[in-house]
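Understanding the architecture of this molecule
Next come the chains, spelled out residue by residue.
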Amino acid sequence: MTSTLTFNQAAALRSPPSSGASPQSASRAVPAVGSELLQLRNLCKIFGPKPERAMEMLRQGMGRDEIFAKTGNLVAVDDVSLSVRSGEIFVVMGLSGSGKSTLVRLLNRLIEPTSGSVILEGQDIAPMSAAQLQAVRRKKMAMVFQSFALLPNRNVVDNVAYGLEVAGVPKAERLAQAEAALTRVGLGNYARMYPSELSGGMQQRVGLARALAVNPAVLLMDEAFSALDPLIRSEMQNELLRLQQQEQRTIVFISHDIEEAIKIGGRIGIMKDGRLVQVGTPSELIQSPADDFVRDFFRHVDVSRFLKASNMLTRVGDERQQSSPDAPAERLLGRLVDLGLECAYVCDESGRYQGCVTQSSLHEAGAGTVRAAFLRDALSVTLDTDLNQLTDMALSQRHDVPVLDAAGGLAGVVSCRTILQHVMQRRAA
C-alpha cells in the first residue's frame, strides 16, 4: 500500500433514513423508522402428536432428524428470535423445508406456535383471544400469498375492498380506500374489471392493493412473486421497492430466491432446518458468512454490487495538521521527504477533501502552491461506490483511491491492491 499523509482528516458522516410518512398513513400511528416494531422471542413450532416430548429432546440437544425418527414429530421452527424494524423490508429465505413459510404464518397465528412469543407494537399475539387476534389480522397485519386468492365473481375494486367490508367499514369509505390502494399499485383504471381479465402480474398487484387497503402496521408476503414469469416478477419487485420508497412500510417477505432477497431486502434472515442461521444486510452476509451454508447461498451470485468502498477502506492516519491548499508546495515536499511518504491527501481547514499530491507533483510545482501540485487524474469515490466501479478505477489509478464521506471529508482510502484482491476472490468463488 502507498504511504500517505493526511491533513485535517474528517470523520465519516452518513445520512439518516427518511422518516416522512405517506399521506395514507395519517390514520395509523407510524413508529419512528428504525425502531423495533415486531419481535420474535424463542419461537418454536413442532408438528406431530407429542410436541412436548420433542421440545424436551430439543433442550437435550437432539437434532431435527433424530427427533423425527424417534417421535414422528417435525421441528418446523426451532427457537427463532429476531426483531423487525419499522420501515424495513426483512426477507426470510431458505431452501424448501427450512421453515420460512411456517415462520411467517406463526406471526399472525395462522399456525399456532408450540412455544415462544410474537410481539407486535408491544403486545404479545400468542395469548390473544380469537376476537383480539381477528382485530390484529384486520387492522395491523395483512398478508399477500403466492396464490392470488382473488374472488372471481367480484370486480377488482370489490376484491380490494373485501377485507374492509369484513371489518365493517362503510361502503363509500371502503371503496374510496380500495381505489386509492389500486392507484398506488398502478391499477387505478382497472377497478371495474374482473380478475379473469387481468394478467398474472396484474392480479398479484390486486392482491398487494388488497393488503395495502387496510393500512397495516406489518405486511407479510409469502413467496408473493414466485408464481410469476421472470419479467413480471422483476417488475413486481421494482413496484414493491417503489412503494417502499414512498411509504416505508414494514414488510416481512418470504423467498427462496437469493437474487430476489438481495434486491429487495434491507436485511436478510437465512433459515436452515427450522433454525435462523444468520441475520444481516446483504453486504454483512457476503463479507462475514456465519458458516459454509450461508457462504454457499452467494456462491453463484455476482455480489460485486454489494461490496462497497466503505467495506474496503483503510484510515489514512491520525495526523491532524492543517494545511491550506495555498501553502507553499516546497514546504509540504520537504515534509514528505523527511517522513518517507510518497503521496498525501490534502483537506482544507473545514475538513473537505481537496486533492492528492505526490513528491513528484510537488517538485514540479516548484515555488508554487500545494494546489498547483494536485494530480489531475486522481479520482475520488463515495462510501457507497461498489466494487465494479472501483475495479474500473484501479486499472487507471496510480495511487490509493480517496473515499469521501457525506460531508466531503476524507473517510479513508482504498488501495488498488485491495480492489484487485476482491476481484480475484470473486472469480475464484
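Residues numbered from 1 in each chain as written. Predicted model: local features only at pLDDT ≥ 70, side-chain atom pairs only at ≥ 80, totals over all residues. Heavy atoms only, no water.

**Notes on the overall build of the protein chain**
Regarding its fold elements, the protein chain presents 17 helices and 16 strands. Relative to its full complement of 429 residues, the protein chain shows a buried share of 51%. (Helix = DSSP H or I, 4+ residues; strand = E, 2+ residues; numbered from the N terminus. Buried < 20%, exposed > 50% of the residue type's maximum accessible area, 1.4 Å probe, protein only.)

**What to know about the packing of helix H8 (residues 200-213) against helix H9 (residues 230-247)**
Between two packed helices, the angle of one axis relative to the other and the distance separating the axes together describe the packing. It is the contact of H8 with H9, at a shortest axis distance of 10 Å, that shows an interaxial angle of 25 degrees. What the angle tells us is that H8 and H9 run roughly parallel. In terms of crossing hand, the pair formed by H8 and H9 is right-handed. Contacts between H8 and H9 involve Gly201, Gln204, Arg205, Leu208 and Leu212 from the former and Ile232, Met236, Glu239, Leu243 and Glu247 from the latter. For the contact of H8 with H9, the per-class residue count stands at five nonpolar, two polar and three charged. (Axes fitted to C-alpha atoms, helices over the stretch in contact; angles between N-to-C directions. Parallel < 35°, antiparallel > 145°, perpendicular 65-115°, else oblique. Left-handed = near helix turned anticlockwise from the far one by under 90°. Contact = heavy atoms within 4.5 Å. Nonpolar A, V, L, I, M, F, W, Y, C, P; charged D, E, K, R; others polar.)

**Describing helix H7 (residues 171-184)**
Counted at 1.5 Å a residue, the expected span for H7 with its 14 residues is 20 Å, and the 20 Å between its end C-alpha atoms agrees. Taken together, the buried residues of H7 touch helix H5 (156-160), helix H6 (162-166), H8 and H9. After H7 finishes, the residue Gly186 shows a positive phi value of roughly 80 degrees. (Expected span 1.5 Å × (residues − 1).)

**Quick word on the sheet that holds strand S15 (residues 401-404)**
Pairing in this open sheet of three strands is mixed, and the strands run S14-S15-S16 from one edge to the other. Whereas interior strands pair on both sides, the edge strands pair on one side only; in this sheet they are strand S14 (381-382) and strand S16 (410-414). Across two bridges, S14 lies against S15 in parallel orientation. Bridged to Val381 within S15 is Val403. (Pairing = 2+ DSSP bridges.)

**With respect to the sheet that holds strand S9 (residues 250-255)**
With mixed pairing, the six strands of this open sheet are ordered in space as S7-S8-S9-S4-S10-S11. Edge strands, defined here as strands with exactly one partner in the open sheet, are strand S7 (141-144) and strand S11 (275-280). Taking each pair of neighbouring strands and ignoring which way they run, the sheet shows an average axis angle of 20 degrees. In this sheet, strand S8 (residues 218-222) lies alongside S7 in parallel orientation, the contact comprising four bridges. In the sheet register, Ala142 faces S8, and the bridge partner there is Leu219. Across the sheet, helix H3 (residues 100-107) touches strand S4 (89-94), S7, S8, S9 and strand S10 (267-272), and the angle it forms with S9 is around 150 degrees.

**A few points about the layout of surface pockets**
Quantified by volume, the second largest pocket comes out at close to 590 Å³. Considering the residues around the second largest pocket, the lining is formed by 22 residues, among which Arg137, Met143, Tyr162, Gly163 and Arg210 are closest to the centre. Of all the elements in the fold, those that place two or more residues in the lining of the second largest pocket are helix H4 (130-139), S7, H6 and H8. Residues belonging to the lining of the second largest pocket are distributed by class as follows: 13 nonpolar, six polar and three charged. (1 Å grid on protein atoms, 1.4 Å probe; cavity = no way out; pocket = protein on both sides within 12 Å on 5 of 7 lines; lining within 4 Å. Points joined across faces, edges and corners; volume = space filled by probe spheres on them.)

**Quick look at the pattern of salt bridges**
Side chains that differ in sign of charge can pair as their charged atoms come close. A complete count under the given rule lists 18 salt bridges for this structure. Between Asp222 and Arg105 there is a salt bridge, with its nearest N and O atoms 2.3 Å apart. Residue Asp222 is located in strand S8, and its partner Arg105 is located in helix H3; the two are separated by 117 residues in the primary sequence. Judged by its relative accessible area of 5%, Asp222 is buried. Its relative accessible area of 24% is what places Arg105 among the partly exposed residues. Measuring nitrogen to oxygen at the nearest pair gives 3.1 Å for the salt bridge that ties Arg109 to Glu112. Overlapping salt bridges bring together Arg184, Glu247 and Arg249 as one network. (Salt bridge = Lys/Arg side-chain N within 4 Å of Asp/Glu carboxyl O.)

**Looking at the packing of aromatic side chains**
With the rule as written, the count across this model stands at two aromatic pairs. Ring centres of Phe225 and Phe253 lie 5.5 Å apart, and the angle between their planes is 55 degrees; on these two criteria the pair is classed as tilted. With Phe225 in the loop between S8 and H9 and Phe253 in strand S9, this residue pair connects regions lying 28 residues apart in the sequence. Judged by its relative accessible area of 0%, Phe253 is buried. Here the aromatic rings of Phe293 and Phe297 are separated by 5.1 Å at their centres, their planes lie at 85 degrees, and the arrangement is edge-to-face. With a gap of four residues between them, Phe293 and Phe297 both fall in helix H12 (residues 292-297), about one helical turn apart. Assessed through its relative accessible area of 16%, Phe293 is described here as buried. Taking the relative accessible area as the measure of exposure, Phe297 reaches 12% and is therefore buried. Residue placement shows Lys45 over the ring face of Phe47; its charged tip is 5.1 Å from the ring centre. (Phe/Tyr/Trp six-rings, centres within 6.5 Å; stacked < 30°, edge-to-face > 60°. Lys NZ or Arg CZ within 6 Å of the ring centre and 35° of its normal.)

**As for empty space enclosed by the protein**
The tally for this structure, following the rule as stated, stands at three cavities of 30 Å³ or more. Considering only enclosed or pocket space, the largest cavity measures out at about 50 Å³ in volume. Along the walls of the largest cavity sit Leu375, Asp377, Ala378, Ser396, Gln397, Arg398 and His399, which together make up its complete lining. Split by residue class, the lining of the largest cavity holds two nonpolar, three polar and two charged.

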